[in-house]
Amino acid sequence: MNIALLASWSLVQSGSYIYIPTTHYVYLNYVAGLYDEVYLISPLSKDESKKKGKIVNFPNVRIIPLPYNGSYLGALKNNMAYRRALRQVCDKVDVIYCRVPDPFSWMPALLFKKKTIMHFVGDTIDATQHNEKWGWLKKQVMIAGYLPDYWLTLKAARRSKVYTNGHHLADKLKKHRIKAIPVISSTVSEKDLHEDFKALPIEKGIVNITYIGYVRFAKGMTCLMEFCKRLKNENIQFHFHLVGVGEMFDDVKAFIEREVLSDKVTMYGYIDDKAKMSEILRNSDLFFFPSLSEGSPRVVIEAMAQGTSVMSTPVGSLPTTFEDGKTIRFFGFDDAEKAIEIVKEYLADPVSFEAQRQLAYRIVSERFTIEKFLSKVFSYEA
């Protein structure tokens, strides 16, 4: 059985090699073992500064490159390139997997009448509405530009096998008469689970807090900066580890310098080394996640798998997956004050967070591994 994957997976060509981010390499590795032939239709950049991850070197995987664009709306002008790429593979595959909201995910079902798996990983409209950098007018323009593709995507979804990252996205699709199966996105492998957690507190007299993710407005960077400022003003001894890149990286860096926080906040930039990421998490007391818009955030699952207690906004799939006070601590959107209260609670009694991390780890290890996740979304059963 053969499959095509229509997904913007950040491919970069360097010489004769094509690189793919580690997370998507893991996905591709799984699919390559599940199907006879795999066609990956994805934008391909030749900017070597964007190179990260691993070389695509599977004998049964063929890359069908698309023009690279820096934005969703920018990709819409490549309508014909997408059509040509799909036409090239449609007669060779039994099913096509489409990642939504990537551009033209409606084409396989509507234009080529193929059996299709549509996997909704996020909500572009929601993310646009939560972008604090954009004014009202720009948001309306961006949403208007996205809507035609969005309505075609909904129409295609009614003819497809649909999965969503979380119940909240499935509930939204239900309003459009689309039946969807909620899943929890994960990169945690069963073979990587080890319940040898460090005792709490991790480091005496100081609280180590970590954020991993994009450094952009929709991820709650305004709240993150306010949170760090309040930690300092309340004389809480802390070290904040910020892993990631994005449009607000320079803003956050300037904030750290302006507030004289360089000795308390470390900005790592992008890390594509899973072992290094796990090390940072295992040396953290708390994982801080102030995001405003999500599907099912993989980084929260990763943190729990490393025995790190999570404090987060009730975003995406988290409220329907984890229970406040038992497996996670929730604080409100942009509510740095409540987040500080959770840190104070931890400092007063870190042992009280032991049950939280143990229960969260057990749930992740039993229900939310990458093997369970991928076995659902990449298998087509009519």
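Structural data are supplied above this passage.
Residues numbered from 1 in each chain as written. Predicted model: local features only at pLDDT ≥ 70, side-chain atom pairs only at ≥ 80, totals over all residues. Heavy atoms only, no water.

Asks: Pulling in residues and values, what's your account of the overall build of the protein?
Replies: Scanning the protein from N- to C-terminus turns up 15 helices and 16 strands. Its C-alpha atoms give the protein a radius of gyration of 21 Å, within 12% of the compact-globule value 21 Å for 382 residues. Dimensions of the protein along its principal axes, counting C-alpha atoms only, are 65 × 45 × 45 Å. Here the protein holds 382 residues, and 55% of them are scored as buried. Taking the intrachain contacts of the protein between residues at least 6 apart in sequence as the baseline, contacts between residues at least 24 apart amount to 71%. With an accessible surface of roughly 17,000 Å², the protein has 51% of that area assigned to carbon and sulfur atoms. The distance from the centre of the 51 positive side-chain charges to the centre of the 43 negative ones in the protein is 8 Å. (Helix = DSSP H or I, 4+ residues; strand = E, 2+ residues; numbered from the N terminus. Rg over C-alpha atoms; globule rule 2.2 N^0.38 Å. Buried < 20%, exposed > 50% of the residue type's maximum accessible area, 1.4 Å probe, protein only. Contact = heavy atoms within 4.5 Å. Areas by Shrake-Rupley, 256 points an atom, 1.4 Å probe, with all protein chains shown as cover. Lys, Arg positive; Asp, Glu negative; His and termini not counted. Charge placed at Lys NZ, Arg CZ, Asp CG, Glu CD.)

Asks: How would you sum up the layout of surface pockets? Please name residues and give values.
Replies: Within this model, the second largest pocket holds a volume of roughly 200 Å³. In this structure, the second largest pocket is lined by H167, P182, V183, I184, T320, T321, R367, F368, T369, K372, F373 and K376. Elements supplying a minimum of two residues to the lining of the second largest pocket: β10 (181-183), α12 (318-321) and α15 (370-377). With 3 residues, the single largest contributor to the lining of the second largest pocket is α15. For the lining of the second largest pocket, the per-class residue count stands at 5 nonpolar, 4 polar and 3 charged. (1 Å grid on protein atoms, 1.4 Å probe; cavity = no way out; pocket = protein on both sides within 12 Å on 5 of 7 lines; lining within 4 Å. Points joined across faces, edges and corners; volume = space filled by probe spheres on them. Nonpolar A, V, L, I, M, F, W, Y, C, P; charged D, E, K, R; others polar.)

Asks: Can you break down the environment of N283 residue by residue, with the values?
Replies: Looking at the secondary structure, you find N283 in the loop between α10 (274-282) and β14 (286-289). The spatial distance from the C-alpha of N283 to the C-alpha of W151 is 45 Å, given a sequence separation of 132 residues. When sequence neighbours within four positions are dropped, the list of residues in contact with N283 reads K198, I202 and N208. Within the local environment of N283, its side chain forms a polar contact with the side chain of K198, the two groups lying 2.2 Å apart. Here the side chain of N283 touches E279 through a polar contact of 3.0 Å, landing on its backbone oxygen. (Polar contact = N/O pair within 3.5 Å; in protein donor to acceptor, adjacent residues only side chain to side chain.)

Asks: Lay out a positive patch on the surface in plain terms, naming residues and giving numbers.
Replies: A contiguous patch of positive charge on the surface is contributed by K113, K155, R158, R159 and R177. With respect to the helices and strands, the residue R177 is situated in the loop between α7 (167-174) and β10. (Patch = residues over 30% accessible without salt bridge, like charges linked within 9 Å, V, L, I, M, F, W, Y side chains within 5 Å. Salt bridge = Lys/Arg side-chain N within 4 Å of Asp/Glu carboxyl O.)

Asks: Tell me about α15, and name the residues and values.
Replies: Turning to α15, its buried residues number three or more, namely I370, F373, L374 and V377. Each buried residue of α15 sits inside an arc of 90 degrees when the element is viewed along its axis, so together they form one side. Of the surrounding elements, those touching the buried residues of α15 are α1 (22-34), β7 (95-100), β8 (116-120), β9 (161-165) and β10. (Arc of directions from axis to C-beta.)

Asks: I'd like a description of the pattern of salt bridges, backed by residues and values.
Replies: Oppositely charged side chains can form a pair if their charged atoms are brought close together. Counting across every chain of the model gives 11 salt bridges. Across the pair R99 and D102 runs a salt bridge whose closest N-O atoms are separated by 2.9 Å. A relative accessible area of 21% places R99 in the partly exposed class. Look at D102 and you get buried, because its relative accessible area is 10%. Two residues, E226 and R230, come together in a salt bridge whose shortest N-O distance is 2.9 Å. Here R230 and E226 lie together in helix α8 (residues 221-233), a separation of 4 residues that amounts to about one turn.

Asks: Could you give an account of the sheet that holds β14, naming the residues involved and the relevant values?
Replies: Taking strand neighbours across the sheet as the criterion, the 6 strands line up as β13-β12-β11-β14-β15-β16 in an open arrangement whose pairing is parallel. The open sheet has two free edges, formed respectively by β13 (265-269) and β16 (329-330), since each of these has just one partner strand. Against the sheet, helix α9 (residues 249-258) contacts β12 (238-243) and β13, and its axis sits at roughly 155 degrees relative to β13. (Pairing = 2+ DSSP bridges. Axes fitted to C-alpha atoms, helices over the stretch in contact; angles between N-to-C directions.)

Asks: Any details on the side chain of S160? Residues and values, ideally.
Replies: For S160, the position within the fold is in the loop between α6 (136-157) and β9. Only 2.8 Å separates the side chain of S160 from the backbone oxygen of A156, close enough to count as a polar contact. Apart from residues lying up to four places away in sequence, S160 is in contact with A109, T116 and M118.

Asks: Give me unusual backbone geometry: which residues, what numbers.
Replies: Note the cis peptide between V100 and P101, where omega equals 20 degrees. The amide bond that connects L200 to the next residue, P201, takes the cis arrangement and shows omega of -5 degrees. Position of P201 among the secondary structure elements: in the loop between β10 and β11 (207-212). Positive phi values are uncommon outside glycine, yet S10 reaches one of about 55 degrees. Residue placement: S10 occurs in the loop between β1 (2-6) and β2 (11-14). Located in the positive-phi region is F104, a residue other than glycine, with phi close to 60 degrees. On the secondary structure map, F104 appears in the loop between β7 and α4 (107-110). Taking the relative accessible area as the measure of exposure, F104 reaches 3% and is therefore buried.

Asks: Break down the packing of aromatic side chains for me, with residues and values.
Replies: By the definition in use, this model includes 17 aromatic pairs. Ring plane angle 55 degrees and centroid distance 4.7 Å describe the contact between Y82 and F104, whose orientation is recorded as tilted. Separated by 22 residues along the polypeptide, Y82 in helix α3 (residues 79-89) and F104 in the loop between β7 and α4 bring together distant segments of the chain. Relative accessible area serves as the criterion here: at 2%, Y82 is assigned to the buried category. Taken together, a centroid distance of 5.4 Å and an interplanar angle of 5 degrees make the contact between F288 and F331 stacked. Note that F288 is positioned in strand β14 and F331 in the loop between β16 and α13 (336-348), a separation of 43 residues in sequence. (Phe/Tyr/Trp six-rings, centres within 6.5 Å; stacked < 30°, edge-to-face > 60°.)

Interpretation note: all reported values are geometric properties and have no functional meaning in isolation.
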